[in-house]
Amino acid sequence: MASCSRTQVISLYRMLVKESKKFSSYNYRTYALRRVKDGFRENLHVDNPKTLDTLINEARENLALIKRQASYASFVSYSSFHWPSVFFSKDSC
């Protein structure tokens, strides 16, 4: 995959933030927002194109995961809602 432009990265960041805000539970919403923001801040100065492509692909996977979880959470009660272990991985940012 070709390296993403700055505008594509910003667009992906905005989509992640937008989807994270869809959680109805305050705790899940703030956790997801914090993970998104921290992940992008942590990798702000990455210059290696291969590393950037890997990070972008992981961010896209996380976007899909957030979309699934936010829609799933809207159908179940939060007492039975569980985050998948993939979302807790520090390597996923």
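Further up the page is the structure itself.
This one's a predicted model, so the numbers in the text were calculated from it and none came from an experiment. (Residues numbered from 1 in each chain as written. Predicted model: local features only at pLDDT ≥ 70, side-chain atom pairs only at ≥ 80, totals over all residues. Heavy atoms only, no water.)

Caption draft 1: Molecular detail of the overall build of the chain. Scanning the chain for helices and strands turns up four helices and zero strands. Evaluated residue by residue, the chain yields a buried proportion of 33% over its 93 residues. For the chain, the accessible area works out to roughly 6300 Å², and carbon and sulfur atoms hold 55% of it. (Helix = DSSP H or I, 4+ residues; strand = E, 2+ residues; numbered from the N terminus. Buried < 20%, exposed > 50% of the residue type's maximum accessible area, 1.4 Å probe, protein only. Areas by Shrake-Rupley, 256 points an atom, 1.4 Å probe, with all protein chains shown as cover.)

Caption draft 2: The arrangement of the pattern of salt bridges in detail. Counted by the stated rule, this structure contains two salt bridges. A salt bridge links K22 to E19, with the nearest nitrogen and oxygen atoms 3.0 Å apart. One salt bridge in this structure joins R41 and D38, with 3.4 Å as the shortest N-O distance. One end of the pair is R41 and the other is D38, both in helix α2 (residues 26-42) and three residues apart, which spans about a single turn. Among the residues examined, R41 registers a relative accessible area of 56% and is labelled exposed. For D38, a relative accessible area of 37% puts it in the partly exposed group. (Salt bridge = Lys/Arg side-chain N within 4 Å of Asp/Glu carboxyl O.)

Caption draft 3: Geometry of the nonpolar core. Of all hydrophobic cores here, the largest spans 14 residues; its most connected members are L12, L16, F23, V36 and I66. Elements with a contribution of two residues or more to this core: α1 (6-20), α2 and α3 (49-73). In terms of residue count, the dominant contributor to this core is α3 (five residues). (Core = buried A, V, L, I, M, F, W, Y, C linked by side-chain atoms within 4.5 Å.)

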